[in-house]
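Coordinates in review
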Amino acid sequence: GGRGGGSGAGSGGGGVVRQGTCGGGGGMDGVGGHALGRLRMDLVCLSRCPFARRLEAHLVTRLAELPPAETPEIAVHYLLFWDPEKPAQTRVASLHGDEERIEDGVQILLRDTQPKLFWRYVALRATSDEPWEVLAQKAGLGWQAIDGIRRKLARDLDAMLIAEHLNVTRSFAHVDGSPTVYWQGAEVRSLGQVPGFTAVPRATGEKCQN
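Residues numbered from 1 in each chain as written. Predicted model: local features only at pLDDT ≥ 70, side-chain atom pairs only at ≥ 80, totals over all residues. Heavy atoms only, no water.

Turning our eyes to something else, we now look at the side chain of Glu103. Relative to the helices and strands, Glu103 is located in helix 2 (residues 98–113). Judged by relative accessible area, Glu103 falls into the buried class, the value being 3%. If near-sequence neighbours (up to four positions away) are discounted, Glu103 is found in contact with Ser47, Arg48, Tyr121, Arg125 and Trp132. (Helix = DSSP H or I, 4+ residues; strand = E, 2+ residues; numbered from the N terminus. Buried < 20%, exposed > 50% of the residue type's maximum accessible area, 1.4 Å probe, protein only. Contact = heavy atoms within 4.5 Å.)

Take a look at the structure:
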């Protein structure tokens, strides 16, 4: 099950999506990846997966309604795979290509360094395809910090994604697609199985996977 603290930077999970296609189509400041209680949810996803984005939008709406005492710790992890055809330093790939690799990197950096802004950004990304810089600014990040993320991506993206992939494969027993939700370390088939949450409308069985 998911183990790792705070922002969720040190957690991750097992089975890996390899090649495939993707079928189908306020109150947040205290969440941000901080431990707000003993209960824990882990979300393993592809950052540009439409099913994950639908779940995240639904999740953010519910989180805004929950009192702090009932808000679990939520850690988000990013699903990647090894591509043996790429050079070793860039071998970690994402199902939706290089655009998703960059988005993974942006969200990892926000998750780990800007936890209070992370969920604002995720909420915006859930319904928008605007450039990440635009969404980061809307989430409240200043241009100096945005430029810092841009430089970090240019310098360290490959190393960041390799570390994320290794953490995910070590920490979860099975990941059968995006999104995969774990509650208290055990996979659940629907967000509706998590106390205090309801199922994502029209999302039963929908995942980006092989």
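Over its 29 residues, helix 5 (residues 143–171) runs only 35 Å from end to end, short of the ideal 42 Å by more than 12%, given 1.5 Å per residue. Of all the bends in helix 5, the greatest measures close to 75° and is centred on Asp156. Buried within helix 5 are the following residues: Ile146, Ile149, Leu153, Asp156, Leu157, Met160, Leu161, Glu164, His165, Asn167, Val168 and Ser171. Packing partners of the buried residues in helix 5 comprise strand 1 (40–45), strand 2 (73–78), strand 3 (81–82), strand 4 (92–93), helix 2 and helix 4 (132–139). (Expected span 1.5 Å × (residues − 1). Bend = angle between axes of the 7 residues up to and from the residue.)

Applying the stated criterion to the full structure yields 17 salt bridges. With a shortest N-O distance of 2.9 Å, Arg40 and Asp42 are connected by a salt bridge. Each member of the pair, Arg40 together with Asp42, is buried. One salt bridge in this structure joins Asp156 and Arg155, with 3.1 Å as the shortest N-O distance. Among the residues examined, Arg155 registers a relative accessible area of 58% and is labelled exposed. (Salt bridge = Lys/Arg side-chain N within 4 Å of Asp/Glu carboxyl O.)

Another aspect to go through is the packing of helix 1 (residues 50–65) against helix 3 (residues 115–125). At a closest axis distance of 8 Å, the pairing of helix 1 and helix 3 adopts a crossing angle of 125°. As judged from the angle between their axes, helix 1 and helix 3 are oblique. Crossing of helix 1 against helix 3: the hand is left-handed. Facing helix 1, whose interface residues are Arg53, Glu56, Leu59 and Val60, helix 3 presents Trp119, Val122, Ala123 and Arg125. Taken together, the residues of the contact of helix 1 with helix 3 break down into 5 nonpolar, no polar and 3 charged. (Axes fitted to C-alpha atoms, helices over the stretch in contact; angles between N-to-C directions. Parallel < 35°, antiparallel > 145°, perpendicular 65-115°, else oblique. Left-handed = near helix turned anticlockwise from the far one by under 90°. Nonpolar A, V, L, I, M, F, W, Y, C, P; charged D, E, K, R; others polar.)

Counting residues in each nonpolar core, the largest one holds 52 residues, and the members touching the most others are Met41, Leu59, Trp119, Tyr121, Trp132, Leu191 and Phe197. Of all the secondary structure elements, the ones that give two or more residues to this core are strand 1, helix 1, strand 2, helix 2, helix 3, helix 4, helix 5 and strand 5 (180–183). Per-element tally for this core: the top contributor is helix 5, with 7 residues. What Met41 contacts, discounting residues up to four positions off in sequence, is Leu59, Glu73, Ile74, Ala75, Val181, Tyr182, Trp183, Leu191, Val194 and Phe197. (Core = buried A, V, L, I, M, F, W, Y, C linked by side-chain atoms within 4.5 Å.)

Right, let's talk about the packing of aromatic side chains for a bit. Within this structure, the stated rule accounts for 2 aromatic pairs. Ring plane angle 80° and centroid distance 5.4 Å describe the contact between Phe118 and Trp119, whose orientation is recorded as edge-to-face. Taking the relative accessible area as the measure of exposure, Phe118 reaches 2% and is therefore buried. Taking the centre distance of 4.5 Å and the plane angle of 45° together, the rings of Phe172 and Tyr182 count as tilted. Residue Phe172 is located in the loop between helix 5 and strand 5, and its partner Tyr182 is located in strand 5; the two are separated by 10 residues in the primary sequence. (Phe/Tyr/Trp six-rings, centres within 6.5 Å; stacked < 30°, edge-to-face > 60°.)

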